Amino acid sequence: MGRPGINFLRVPEPPTIPGFNADRFTNRVADIQHFETQIARPGNELTPLWFHGVGGAGKTTLLQRFKQTCDAEGIPCKIVDVCPHGQGALQPLEVYAAIRTGLLPDQPAPRFDLATEWLRVVDAKTADRERRASDTAASLGGTTAQGLEEVFDLIPAGVPVAKLTKKALGPAADWLGARKLWDYFKTDRGLSDFQHLKALAYQHTERIYAELPQRLVDDLHTLPRRPNAACRAVVMFDHAEAFATPQDRFRHGDQDAFLRALTTAALSATGRFYPVFVSHYPCDWAKRFPDQPTLNQPDQRPVAGFDRSDALTLLGKWELQLDNHPELIEAVLAACAEDRPDDAPAHYFVQMLELCATAIDNERDLQGQVTSTAASFRLPAGDWKALTRRLLKSVRDDTERDWLLTLAATPRFDEPAARAMHGGGYAAEDAAWRRLRRYPFLNTVPPYEHWFTFHQSLTRGLRRELAEDPAHHETLHRRWLDHWTARQGGPS
């Protein structure tokens, strides 16, 4: 594998869609039941799941439903967004780090943490060493890369473990203790590992990167075993198209090597976790790994949009009382339809249905009656750009329209940032914020529970709108820069 930069803080959690209950939708039942069967399988064989489908079909929502199952069963679960919105594909170390912090948030992972600390020392030699070192330090509780180098300077080859006391090591021992590495360091295996990594550092760091998956699963052996079930935990990878097809944005340059190592690690008997992938595209596993016929090939399952019954159920969740507006319902369904062969049943984009419902809700009068017309939704089927413009048309005034465009141009925002960039006065900001929090395309970004982004497809549509008016785009961008400069000395 290549040498990615170390930056733990750029790994966000995927969005949570409030109020969405996948049990209400019939064409998700089979997928949910299949997942529940897989995680309960006994024995030593697990078959990874690989879901694929077009953007907006509801794949991320399905992962959230799987996580609900894991939480109810007490199974450790982590969702890793492989390609966070606006940030490009994660690097291998970032993926492993997200798994480590997700499955062992309060437990030591000495073999993995020690290797990443060494990589941080090496990475600190690069031009942007201060940023990367501080990011990693904040995630692992450290402040400087010097501590590890000092530890190694105090360890001559062959020194007995018994002589490595806290008094002898002084500040270096405190440094080890802060990282929960002291107990590991005081074992023969730990000391040997320290010396092994010291020998590899600077000249053979590629070997350290190659060891990371096995080190991770070695540490995961502390996860409790589940009675009569093979997997101890579940890790789900959203936007796994970065793994599925060769592309420049997966910057370490070798998707095959990484995917092979990740899957082999997941299915190893030491710290077995169940991998679930979600991607726009299927993965030709046999072609990718012809030399490893025994590698567990994933069970690949397409995710289509909702059928008509489920689409109507979703619209009904909004309590828009559309029963008296059959033409409007048909126009919305047509605008949200997926491409399909003439003889195939119709399916509808989940996120597009939510966006249309939002627009209709925005346009209700003071008595709550629907005022939207069928003609206003007669748009090209599955056209995010057209639906984005339709949403902007439904907002209440130009200030709020510009506000949505501004927020779409930001990597993420919280309530103070959103209010500052609205600029409509306190009462207007309060009302706008309340409406925004109702929008289904507003996604939270845990563990920063007060931070938000928009759904990726909507964001792309809004940014295309901005691109068509460069001067206006520059004005809104300057507003964003001014806010962050005043708030924390520069954009986040």
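Only a predicted model underlies this, so the values are computations on that prediction, with no experimental measurement involved. (Residues numbered from 1 in each chain as written. Predicted model: local features only at pLDDT ≥ 70, side-chain atom pairs only at ≥ 80, totals over all residues. Heavy atoms only, no water.)

A. Here's a closer look at the overall build of the chain. Counting its regular elements, the chain contains 23 helices and 8 strands. Taking all 492 residues of the chain together, the buried fraction comes to 53%. For the chain, contacts bridging at least 24 residues in sequence account for 74% of all contacts bridging at least 6. Roughly 21,600 Å² of accessible area belongs to the chain as shown, and the carbon and sulfur atoms make up 50% of that amount. (Helix = DSSP H or I, 4+ residues; strand = E, 2+ residues; numbered from the N terminus. Buried < 20%, exposed > 50% of the residue type's maximum accessible area, 1.4 Å probe, protein only. Contact = heavy atoms within 4.5 Å. Areas by Shrake-Rupley, 256 points an atom, 1.4 Å probe, with all protein chains shown as cover.)

B. Region of the structure containing the packing of helix H17 (residues 350–362) against helix H18 (residues 384–394). Look at H17 against H18: their axes get within 8 Å of each other, and the N-to-C directions meet at 20 degrees. By the angle between their directions, the pair H17 and H18 is classed as roughly parallel. At the point where H17 passes H18, the crossing takes the left-handed sense. Counting all contacts with H17, which are made through Gln351, Met352, Leu355, Cys356, Thr358, Ala359 and Asn362, the residues of H18 involved are Trp384, Leu387, Arg390, Leu391 and Ser394. Residues of the contact of H17 with H18, tallied by class, amount to 7 nonpolar, 4 polar and 1 charged. (Axes fitted to C-alpha atoms, helices over the stretch in contact; angles between N-to-C directions. Parallel < 35°, antiparallel > 145°, perpendicular 65-115°, else oblique. Left-handed = near helix turned anticlockwise from the far one by under 90°. Nonpolar A, V, L, I, M, F, W, Y, C, P; charged D, E, K, R; others polar.)

C. Structural context of the pattern of salt bridges. Counted by the stated rule, this structure contains 23 salt bridges. Here Asp218 makes a salt bridge to Arg189, at a shortest N to O gap of 3.8 Å. With Asp218 in helix H11 (residues 205–219) and Arg189 in helix H10 (residues 188–200), the pair connects residues that are 29 residues apart, well separated along the chain. Its relative accessible area of 15% is what places Asp218 among the buried residues. The closest approach of N and O atoms between Glu465 and Arg401, which form a salt bridge, is 3.8 Å. Taken together, the residues span a long stretch of sequence, with Glu465 in helix H22 (residues 456–467) and Arg401 in helix H19 (residues 398–408) at a distance of 64 residues. The class of Arg401 is partly exposed, set by a relative accessible area of 26%. Linked by salt bridges that have partners in common, Arg111, Arg189, Asp193, Glu211, Arg215 and Asp218 make up one network. (Salt bridge = Lys/Arg side-chain N within 4 Å of Asp/Glu carboxyl O.)

D. Spatial organisation of the side chain of Glu429. Note on placement: Glu429 falls in helix H21 (residues 426–438). Apart from residues no more than four positions distant in its own chain, Glu429 is found in contact with Arg419, His422, Gly423 and Gly424.

E. Examining the packing of aromatic side chains more closely. If you walk through the whole model with that rule in mind, you get 10 aromatic pairs. In textbook terms, an aromatic cluster arises when at least three aromatic residues are bridged by ring pairs, as seen for Phe413, Trp433, Tyr439, Phe441, Phe452 and Phe454. Against the face of Phe377 rests Arg390, its NZ or CZ located 4.3 Å from the ring centre. (Phe/Tyr/Trp six-rings, centres within 6.5 Å; stacked < 30°, edge-to-face > 60°. Lys NZ or Arg CZ within 6 Å of the ring centre and 35° of its normal.)

F. Looking closely at the pairing of strand S1 (residues 49–52). What you see with S1 is no split at all: Leu49 and Phe51 on one side and Trp50 and His52 on the other are buried throughout. In this sheet, strand S4 (residues 273–279) lies alongside S1 in parallel orientation, the contact comprising 4 bridges. When the bridges of S4 are listed, His52 appears paired with Ser279. As judged from the 4 bridges shared by S1 and strand S5 (residues 299–302), these two strands associate in the parallel manner. (Pairing = 2+ DSSP bridges.)

G. The arrangement of the nonpolar core in detail. Judged by nonpolar contacts, the single largest core of 57 residues is most densely connected at Val332, Phe413, Leu436 and Phe454. Here this core gets 8 residues from one element, more than from any other, and that element is H17. If we ignore the near neighbours within four places in the chain, the residues touching Leu436 are Trp403, Leu404, Leu407, Phe413, Leu442 and Phe454. Counting 50 residues, the second largest nonpolar core, distinct from the first, contains Leu191, Ala233, Phe258 and Phe273. (Core = buried A, V, L, I, M, F, W, Y, C linked by side-chain atoms within 4.5 Å.)

H. Examining the confidence of the model for the chain more closely. Mean pLDDT over the chain works out to 76, with 75% of the residues at or above the 70 mark. Mean pLDDT across the elements of the chain bottoms out in helix H5 (residues 129–140) (39) and peaks in helix H16 (residues 326–335) (94). In this model, residues 1–20 is a region of pLDDT below 50 whose contacts with residues beyond four sequence positions or in other chains number 87 contacts. Low pLDDT, under 50, characterises residues 126–145; the predicted model gives this stretch 33 contacts beyond four residues in sequence or across chains. (pLDDT = per-residue confidence, 0-100.)

I. How the structure looks around the packing of helix H15 (residues 308–317) against H16. Closest axis-to-axis distance for the H15/H16 pair is 12 Å, and the angle between their directions is 115 degrees. It follows that H15 is roughly perpendicular to H16 by the angle criterion. In the crossing of H15 with H16, the sense of the turn from one axis to the other is right-handed. Taken together, the residues of H16 that come into contact with H15 (itself represented by Arg308, Ala311, Leu312 and Leu315) are Ile329, Glu330, Val332 and Leu333. Its residues assigned to classes, the contact of H15 with H16 comprises 6 nonpolar, no polar and 2 charged.

J. Focus on the environment of Ala173. Along the chain, Ala173 falls in helix H8 (residues 171–178). Classification of Ala173 as buried rests on a relative accessible area of 2%. As for Ala173 and Phe185, which are separated by 12 residues in sequence, their C-alpha atoms are 9.6 Å apart.

K. Spatial organisation of the sheet that holds S4. Sheet architecture is open: 5 strands sit in the order S2-S3-S4-S1-S5, paired in parallel fashion. Of all the strands in the sheet, just strand S2 (77–81) and S5 have a single pairing partner and so form its edges. Across this sheet, the average inter-strand angle for adjacent strands is 15 degrees, counted without regard to direction. Bridge count between S2 and strand S3 (residues 233–238): 5 bridges; the pairing is parallel. Considered in S3, the bridge of Ile79 is made with Met236.

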